[in-house]
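# Notes for the structure review
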Amino acid sequence: MMLLKLAWLNIWRNKRRTIITATSVFFAVLLAIVFRSLTDGVYDNMIHNVVSYSSGYLQIHQKGYWDEQSIDNTFQEDQQLYQVLLKNSKVTHIMPRLQTFALASYANKTKGVLVLGIDPIKEREVNNLHDKIVAGEYIESVSDNAVVLGEGLAAHLKLKVNDTLILLGQGYHASSAAAKFRVKGLIKLGALELNNNVVYMPIQQSQYMHGAENRLTSVSVMLDKATNLKKLKQSLQESIDSNTYEVMSWKEMIPEMDQFIEADSTAHYIIIGVLYFVISFGLFGTLLMMIFERKHELGILIAIGMKKRLLALVLLLESIMISLLGCFAGVIGGILFIKWFTIYPIHLTGELKEVYEDYGIESIIYFSSHEKIFITQTLVVLIVSILLAFYPGYKVMKLKPVEAINS
Amino acid sequence: MVKTIIDAHNVSKTFNPKTVPVHAVQNVHVHIEEGEFVALVGPSGSGKSTLLNMMGGLDEPTAGSVIIDGVEITKLSENKLIDFRLHNIGFVFQSFNLIPVLTAKENVGFVLQLQHVPKMEREKRVLTLLEEVGLKDKINSKPGELSGGQQQRVAVARALASKPKIILADEPTANLDSKSAANLLDIMAKLNKEEKITFLFSTHDQRVIKKARRVITLVDGKVASDVQQTPT
Ligand SMILES: Nc1ncnc2c1ncn2[C@@H]1O[C@H](COP(=O)(O)OP(=O)(O)OP(=O)(O)O)[C@@H](O)[C@H]1O
Ligand SMILES: [Mg+2]
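Residues numbered from 1 in each chain as written. Chains lettered and ligands numbered in written order. Predicted model: local features only at pLDDT ≥ 70, side-chain atom pairs only at ≥ 80, totals over all residues. Heavy atoms only, no water.

## Focus on the sheet that holds strand 2 (residues 22–33) of chain B
All names here are of chain B.
- Taken in spatial order, the 4 strands line up as 2-1-4-5 in an open sheet, and their pairing is antiparallel. Every interior strand has two partners, whereas the edge strands, strand 2 and strand 5 (71–72), have only one.
- Pairing analysis gives 2 bridges linking strand 4 (residues 63–68) to strand 5, with the strands arranged antiparallel. Bridging from a neighbouring strand, Ile 68 pairs with Val 71 of strand 5.
- In this fold helix 1 (residues 48–55) packs onto strand 1 (4–15), strand 2 and strand 4, with an angle of close to 125° to the strand it touches most, strand 1. (Pairing = 2+ DSSP bridges. Helix = DSSP H or I, 4+ residues; strand = E, 2+ residues; numbered from the N terminus. Contact = heavy atoms within 4.5 Å. Axes fitted to C-alpha atoms, helices over the stretch in contact; angles between N-to-C directions.)

## Side note on the domain arrangement of chain A
All names here are of chain A.
- Annotation of chain A at the domain level lists domain 1 (2–50 + 258–405) and domain 2 (56–253).
- Just the C-alpha atoms count here: the centres of domain 1 and domain 2 sit 47 Å apart.
- Where domain 1 abuts domain 2, roughly 910 Å² becomes buried across the two surfaces, and 58% of that area is made up of carbon and sulfur atoms.
- Inspection of the domain 1/domain 2 interface yields 1 salt bridge.
- Residue Lys 251 is joined to Asp 258 by a salt bridge in which the shortest nitrogen-to-oxygen separation is 4.0 Å.
- Our enumeration of links across domain 1 and domain 2 arrives at 1 residue pair in polar contact (both at pLDDT 80 or more).
- At the level of elements, helix 2 (15–53) and helix 10 (255–292) are the ones that each hand at least two residues to the side of domain 1 that touches domain 2.
- Per-element tally for the side of domain 1 that touches domain 2: the top contributor is helix 2, with 4 residues.
- A per-class count over the side of domain 1 that touches domain 2 returns 4 nonpolar, 4 polar and 3 charged. (Domains from an automatic or database assignment. Buried area = accessible area lost by both parts, 1.4 Å probe. Salt bridge = Lys/Arg side-chain N within 4 Å of Asp/Glu carboxyl O. Polar contact = N/O pair within 3.5 Å; in protein donor to acceptor, adjacent residues only side chain to side chain. Nonpolar A, V, L, I, M, F, W, Y, C, P; charged D, E, K, R; others polar.)

## Structural notes on the packing of aromatic side chains
Residue and element names in this part refer to chain A.
- Overall, the coordinates contain 13 aromatic pairs over all chains when judged by the stated rule.
- When the centroid spacing of 5.2 Å and the interplanar angle of 80° are considered together, the rings of Phe 75 and Tyr 245 count as edge-to-face. Of the two residues, Phe 75 is situated in strand 2 (residues 75–76) and Tyr 245 in strand 12 (residues 245–249); the sequence distance between them amounts to 170 residues.
- Note on Phe 75: relative accessible area 3%, which makes it buried.
- For Tyr 245, a relative accessible area of 9% corresponds to the buried category.
- Through a chain of ring-to-ring contacts, three or more aromatic side chains come together here, namely Phe 284, Tyr 391 and Tyr 394. (Phe/Tyr/Trp six-rings, centres within 6.5 Å; stacked < 30°, edge-to-face > 60°. Buried < 20%, exposed > 50% of the residue type's maximum accessible area, 1.4 Å probe, protein only.)

## Focus on the confidence of the model for chain A
- Model confidence for chain A is summarised by a mean pLDDT of 89, while 99% of its residues fall at 70 or above.
- Taken element by element, chain A is modelled with least confidence in helix 13 (residues 350–358) of chain A, mean pLDDT 75, and with most confidence in helix 11 (residues 295–303) of chain A, mean pLDDT 95. (pLDDT = per-residue confidence, 0-100.)

## Structural notes on the sheet that holds strand 6 (residues 89–92) of chain B
All names here are of chain B.
- Pairing is mixed across the open sheet formed by 6 strands, whose spatial order is 6-7-8-3-9-10. Strands at the two margins of the open sheet, each flanked by one partner only, are strand 6 and strand 10 (222–228). Between one strand and the next, the sheet's axes are offset by a mean angle of 15°, whatever the strand orientation.
- Against the sheet, helix 1 engages strand 3 (37–41), strand 6, strand 7 (166–170), strand 8 (198–202) and strand 9 (214–219), with an angle of about 155° to strand 7.

## Thoughts on the pattern of salt bridges
Residues and elements named next belong to chain A.
- The final tally for this structure, using the stated rule, is 21 salt bridges over all chains.
- A salt bridge links Lys 184 to Asp 144, with the shortest nitrogen-to-oxygen separation between them at 3.0 Å. Taken together, the residues span a long stretch of sequence, with Lys 184 in strand 8 (residues 176–187) and Asp 144 in the loop between strand 5 (133–136) and strand 6 (146–150) at a distance of 40 residues.
- On the basis of relative accessibility, which here comes to 9%, the residue Lys 184 falls in the buried class.

## Some points on the site of ligand 1
Residue and element names in this part refer to chain B.
- Around ligand 1, a shell composed of 14 residues is seen, among which Ser 44, Gly 45, Lys 48, Ser 49 and Thr 50 lie nearest.
- Interatomic distance of 2.8 Å between a backbone N/O atom of Gly 45 and an oxygen atom of ligand 1.
- Contacts to ligand 1 include Ser 49, whose side-chain N or O atom sits 2.7 Å from an oxygen atom.
- At the level of secondary structure, the elements contributing two or more residues to the shell around ligand 1 comprise strand 2 and helix 1.
- Considering every element that reaches the shell around ligand 1, the biggest residue donor is helix 1, with 3 residues.
- Its residues assigned to classes, the shell around ligand 1 shows 4 nonpolar, 8 polar and 2 charged. (Near = heavy atom within 4 Å.)

Okay, here's the thing in structure tokens:
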């Protein structure tokens, strides 16, 4: 108690210096928080958009499907499974799919395509697929006898809305699958892969075509953006029959995106690291000044019977107090900043907006307000201030009382 | 029965032994008994501070030993020595004795906190001590708000707080005007009488020397004379 009080009083002996030092910590923390929050927000948004078209945050498929993505590794649609999944409060949507490959032809053109059997209603709730229609119309129900094509694929096949597409593929248990469909609409997708290859088909039509009634390749699961993926994956896996089903996360299914984010984050960590390094020098300088100008007093304290350990502890507390003062102000500033931009988000305009939309990503800048960001910054500052206090502490341990008193 | 409280035995101190040796204190023998009121005098550079520092365990002699109340402090480890000082020796230095951010009361109480004296007892003792040095009305003043003489009196109160066996004071009046110096000495003499605390102080001031009951004179690091006197 006495030591805390003493440390607190000591840091205010030179108000201006303490304020300057704490302010520098404040700006470092604020910058780091805003920076992390911005990049995390952008990542989260990117992930959300990408997985909403592709894998989902988590995907449930039959055990073994991922290694051999064949129609024979499908499973029976199961309402009970849906109920179990939707019971989890973190799960926002589920999207059953039957995903196969087929040969598409129109007139004299032929191309291998990805046939996505979807529930058009469930799908549009998640990824606004209907908004991406550039010609014709979106499919309405699971049994609609029509398909929607990626714009790039349509261009390749030289096909227009209302033309008839022929699909040839392999059905369930080596049966053959062939069917004709009216092209109801064309869709423009940011992901070129999909845009050039995808055929969206109502799921019942797809099941019928493949002779796979009521069968699915996967159920994609959408979650709140800020959910802890690992934990949820585990809890979902535990809640369903693990002999039949396997749960995979987007990180496993789209490792490229995960790696990209990791590499990008590393660069950001380096920038923030440099920032903290610079600030550390300021704090260190202040700590050195604080012991050099107080040498006489420190000598007296040792002379009258204060253990050097206690004295070093006081200096440590002083270091922690100055930096945490700045840190807390920075965290509060960061929270206000992020709150503000959550209420009034930044809408991108001009070219940037187009680039985003071309990739099918919402052109709004989100700031992540994950508590992890604030906790990390506080911990970093705390650790830095403790590490920096080692040198003054060491100086105190070496102090000779007579010399100190005479200085 | 008188008890030897300080026994400096054949103490020597040489600074810079390898380069330009300075023999600050040479083969000094000093015995001081409980309750004595001793002035250590001598010309500048004669070794007064050096000897006091060694007696207080702030500095190590190059040779010889210092025994305080039967404990050979020259043999104690650093941490034991700090603890020994906390419980047995009070110090008053020439100036800037106090922690500037704490009030007079807190400064005096500080050593008691280091000794883990409970709050109630601490408060009582601090008030008694500050009253004894005549600063009852200044208990909540910071050192910066006190005169030099008042600061030294707080320092004396602090030195007394831990109930030490001896108080060592290196030129406690050097920065004081003669009136404050006399006042401080009177207080020290009173405490010496009433609380049986042994005082050993160095000084240049003739009027201060007169108040001592024993005067040890150092010249060139050696004891030149050691006389008893009647204080005036
Ligand atoms: N740390 C040191 N290093 C080298 N020499 C020292 C040191 N401390 C003291 N001395 C020398 O030792 C001698 C005795 O010094 P000391 O300070 O004990 O004298 P003093 O009697 O207290 O003098 P004053 O009356 O001026 O305070 C002096 O010659 C001084 O220069
Ligand atoms: Mg001296």
